[in-house]
Amino acid sequence: MKKEINIGLLGFGVVGSGVAQILLNHQTDLQHKLGVSVQIKKVMVRNIDKDRDTSLAKDIFTTSLDDILSDDSIDLIVEVMGGTTDAKDAIERSLQAGKGVVTANKDVMAEVGPKLLKIADENGCDLFYEASVGGGIPLIRTLEDGLASDRIHALTGIVNGTTNFMLTKMKEENMSYDAALALATELGFAEADPTADVDGLDAARKMVILASLAFSTEVKLEDVYVRGIREIKDGDVELADRFGYTVKLAGTAKKDENGIEVAVEPVFLPNAHPLASVNNEMNAVYVYGDAVGETMFYGPGAGSLPTATSVTGDIVAACRNLLLGVNGKRKHAPQYERKVKEDAQKYSRYFHRIRVKDEVGVLTHLTSIYSDNGASLATVIQQMDENNETDLIIITHEISRKQHLDILDTLKQTDSVLGLSSYYRVEGE
Ligand SMILES: NC(=O)C1=CN([C@@H]2O[C@H](COP(=O)(O)OP(=O)(O)OC[C@H]3O[C@@H](n4cnc5c(N)ncnc54)[C@H](OP(=O)(O)O)[C@@H]3O)[C@@H](O)[C@H]2O)C=CC1
Ligand SMILES: N[C@@H](CC=O)C(=O)O
Ligand code: NA
């Protein structure tokens, strides 16, 4: 019977140092729950000379993956180094060496998750990735276990902490975009390359992971319609509020008889919608199941200790499996063929803000573009600003994404349109 489980930790940054802190500070609790102690045997970093605030012995730090993989006393690898190429390689090699892996890496799981899970299955190893979506929220395991008997048909969520933090600070404290991003980075929320956060890619990767699991099908990054928060223009947040909405970067995934649709984009959410009051780095995901109905999962979406809680939760699960000798016994092949909807099959309401020339007949001409495209309108408002320029605000009834995009294309080529200020999908009504 094992007395100790040894971990090889790949990465000692925001998340890795949090994992070490929890394993150290909660050691007696973990020992009680598992009956063995869990120790960090080696840590891989990029720069061995960096000053690190830790009580771990200096000589366990290395820059060599081989050093860790060749150590037979190491049972489990925890990948929290980030990036794609090296991390992918490290996970693959660890599994091939028969070592279970816990990772927080959504870039890798979204890109090659199915391939890595197959390698894990073939090698009788666990591959757990709870921290890859929703930071500290137990979501992956909830979909895999708690809701396993249900058929999930939709997910809607705020799955990026950095952008939600930025939008909150910009709205409530009038902080500039740059200052809000700098603060999110300082607090350890942002990715190494924060364009992944602000341009929606990080959230898109998380939606790939969630949708694949929820719908038991392969979902690729190219299946996701992605727009980030740089698309939000001055005045949009106030304008949304005037109409009773809050602007959030939301991920949505839906499944019906035509297939699946997945999107990440700034949306207008009714102010009364629970997701509208999810602020700062908090995340929340609504899961709609045929049997369970509506469930919502809420918690910190980023940050050292919240994310490390999910990683160490996975470590506990992997240790239990190792101790029971049932590691790598879950099989991960998806149940359904990949089937992605066409834009003409994706329905929503849309908000359009169009800068127009203030001249006779503009309103009639522009509304005819909508009717020519079969779109009926719920709201049409013309508002003039202090420079005598006019914004036409249009909220449509349900139309397809194809109708919406066709209308935008026509508007762009229309003489009386000075510019398309912004547009949003209206979600959650
Ligand atoms: N920060 C967060 O809130 C969250 C992060 N994640 C994910 O967790 C992972 C880690 O993120 P985070 O801790 O923020 O990242 P950091 O940049 O803070 O830390 C990365 C760590 O990995 C080491 N490292 C990076 N590349 C290599 C390499 N090629 N070889 C050896 N060591 C390497 C770095 O070494 P050195 O210290 O020498 O530079 C550093 O210790 C990422 O996949 C991220 O997306 C997931 C959820 C939330
Ligand atoms: N950069 C990410 C970190 C967690 O996944 C975020 O802000 O959500
Ligand atoms: Na999670």
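Keep in mind it's a predicted model, so treat the numbers as computed, not measured.

Q: Just checking my understanding: could you explain the packing of aromatic side chains for this structure?
A: Each pair of aromatic rings is reported with the distance of its centres and the angle of its planes. The final tally for this structure, using the stated rule, is 8 aromatic pairs. Seen from their ring centres, Y245 and F268 are 5.4 Å apart, and the 35° between their planes marks the pair as tilted. Of this pair, Y245 sits in strand 9 (residues 245–256) while F268 sits in strand 10 (residues 259–270); the two residues are 23 residues apart in sequence, bridging distant segments of the chain. Residue Y245 is classed as buried on the basis of its relative accessible area of 6%. F268 gets classed as buried once you look at its relative accessible area, which sits at 0%. By way of ring pairs, the aromatic residues F243, Y245, F268, F351 and Y424 are connected into one cluster. Its guanidinium or amino end placed over the ring of Y423, R227 lies 3.9 Å from that ring's centre, counting from NZ or CZ.

Q: Mind showing me how you'd approach the pairing of strand 10 here?
A: For strand 10, the buried fraction is high: 12 of the 12 residues fall into the buried class. Direction of pairing for strand 8 (residues 224–226) relative to strand 10: parallel, over a ladder of 3 bridges. Residue pairing in the sheet places Y225 in a bridge with A263 of strand 10. Hairpin geometry of strand 9 and strand 10 is characterised by an intervening segment of 2 residues between the two adjacent antiparallel strands. By the bridge criterion, 2 bridges tie strand 10 to strand 17 (residues 417–426) in an arrangement that is parallel. Note on strand 17: the bridge partner recorded for V267 is R425.

Q: Mind showing me how you'd approach the packing of helix 1 (residues 14–25) against helix 12 (residues 304–324) here?
A: If you want to describe how two helices pack, look at the angle between their axes and the distance between the axes. Axis separation between helix 1 and helix 12 bottoms out at 8 Å; the angle between their running directions is 65°. Taken as a pair, helix 1 and helix 12 cross one another with a handedness that is right-handed. In this structure, helix 1 contributes V14, V15, S17, G18, V19, Q21, I22 and L23 to the contact, and helix 12 contributes S304, L305, T307, A308, T309, V311, T312 and I315. In the contact of helix 1 with helix 12, the residues fall into 9 nonpolar, 7 polar and no charged.

The rules behind these values
Residues numbered from 1 in each chain as written. Chains lettered and ligands numbered in written order. Predicted model: local features only at pLDDT ≥ 70, side-chain atom pairs only at ≥ 80, totals over all residues. Heavy atoms only, no water. Phe/Tyr/Trp six-rings, centres within 6.5 Å; stacked < 30°, edge-to-face > 60°. Helix = DSSP H or I, 4+ residues; strand = E, 2+ residues; numbered from the N terminus. Buried < 20%, exposed > 50% of the residue type's maximum accessible area, 1.4 Å probe, protein only. Lys NZ or Arg CZ within 6 Å of the ring centre and 35° of its normal. Pairing = 2+ DSSP bridges. Axes fitted to C-alpha atoms, helices over the stretch in contact; angles between N-to-C directions. Left-handed = near helix turned anticlockwise from the far one by under 90°. Contact = heavy atoms within 4.5 Å. Nonpolar A, V, L, I, M, F, W, Y, C, P; charged D, E, K, R; others polar.

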